[in-house]
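The residues making up each chain are set out below.
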Amino acid sequence: MKIGVLGTGNMADALATQWVRAGHEVFVGGRNEQNAQRLATRIGSGVGHGSLQAAVGYGEVILAALPYGAGADIVQEHQSALKGKVLLDCANPIGPDFRLLTEGGPSAAHRLAAAAPGVHVVKAFNLCHEDVWRMTPPVFDGQPLSVPICGDDEAALALARTLVRDMGCEPVAGGGLDRAGLLEATAALFIGLWVAEQADVRAIAPPLAYATGPRSESA
């Protein structure tokens with residue numbers, strides 16, 4: 001599929017590189033077109049580059065790899081061109097002391113949806129550091145990484161699931177876009193535990209078989 005990338009940072013680099021390897025066509029757009037050119041060159045030959053507007057017009061799927069706070073403004077600026085398209089949001093609205101910046105208000109994903117009525121926003125790829133997405137594939141202890149995704153449009157979710165699988169990961173239904181805030185809050189919690197406490201967050205939940213408590217053994 002054709003993927004337009006909004007942004008030239010580490011997440012744009014990591015995700016777009018994997019999708020190009022999987023055979024997708026990518027166009028990198030940035031406010032600084034020189035940065036977009038440098039990223040496109042680093043990703044590989046055949047990757048287009050130019051303005052944010054050009055990236056929006058290029059892709060059937062648009063990756064918003066944008067900092068929280070700037071994302072809604074950029075999406076609003078291009079709302080007409082985004083109408084009917086799939087917009088993947090990987091932003092984490094996290095501030096100092098791992099505080100969730102959206103607490104008490106709409107999620108970052110909802111702000112993007114409100115900024116461009118008619119766009120199909122899918123929250124995904126926000127729970128891992130960019131270097132995890134650079135792994136080929138992200139597999140830990142023999143188990144592929146699971147990627148929760150949240151969105152309201154089934155066709156958009158189907159495209160997102162394809163892009164997850166093309167990275168060697170397993171998509172997990174996270175519910176509608178109303179649950180995107182839970183993914184963002186989870187990222188704030190996990191990053192705080194990883195960075196501040198040096199804790200392995202996989203150790204804070206029991207295996208699936210024990211999710212509802214230990215199973216009683218029949219006599």
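Residues numbered from 1 in each chain as written. Predicted model: local features only at pLDDT ≥ 70, side-chain atom pairs only at ≥ 80, totals over all residues. Heavy atoms only, no water.

A. Main features of the pattern of salt bridges. For the structure shown, the criterion picks out 9 salt bridges. Glu77 is the partner of Arg31 in a salt bridge, and the nearest nitrogen-oxygen pair spans 3.7 Å. Here the residue Arg31 occupies a position in the loop between β2 (25–29) and α2 (33–43), and Glu77 occupies one in helix α4 (residues 71–77), the gap between them amounting to 46 residues. Note on Arg31: relative accessible area 61%, which makes it exposed. Take Glu77: its relative accessible area is 54%, and that puts it in the exposed class. As a salt-bridge pair, Asp141 and Arg202 come within 3.3 Å of each other at their nearest N and O atoms. Here the residue Asp141 occupies a position in the loop between β7 (139–140) and β8 (143–144), and Arg202 occupies one in the segment after α9 (180–196), the gap between them amounting to 61 residues. Here Asp141 matches Arg202 in class, with each residue exposed. Each of the salt bridges in this network shares a partner with another, and the network as a whole consists of Asp13, Arg42, Asp131 and Arg134. (Salt bridge = Lys/Arg side-chain N within 4 Å of Asp/Glu carboxyl O. Helix = DSSP H or I, 4+ residues; strand = E, 2+ residues; numbered from the N terminus. Buried < 20%, exposed > 50% of the residue type's maximum accessible area, 1.4 Å probe, protein only.)

B. Inspection of helix α6 (residues 108–115) at higher detail. For α6, the complete set of buried residues consists of Ala108, Ala109, Leu112 and Ala115. Within α6, the buried residues cover an arc of 125 degrees as seen down the axis, which keeps them to one side. Check the buried side of α6 and you find it contacts β4 (61–64), α4, α5 (79–82), β5 (86–89), β6 (120–123) and α9. (Arc of directions from axis to C-beta. Contact = heavy atoms within 4.5 Å.)

C. Inspection of α9 at higher detail. Helix length check: α9, at 17 residues, gives a terminal C-alpha distance of 24 Å against a target of 24 Å (1.5 Å per residue), a fit within 8%. Within the sequence span of α9, burial applies to Ala180, Leu183, Glu184, Ala187, Ala188 and Gly192. Here the buried face of α9 lies against β5, α6, β6 and β9 (146–151). Backbone geometry just downstream of α9 places Gln198 in the positive-phi region, at approximately 55 degrees. (Expected span 1.5 Å × (residues − 1).)

D. Here's a closer look at the packing of aromatic side chains. Per the counting criterion, the structure on display carries 4 aromatic pairs. An angle of 80 degrees between the planes, with centres 5.2 Å apart, marks the rings of Phe125 and Trp133 as edge-to-face. By the burial criterion, Phe125 is buried, and Trp133 matches it. (Phe/Tyr/Trp six-rings, centres within 6.5 Å; stacked < 30°, edge-to-face > 60°.)

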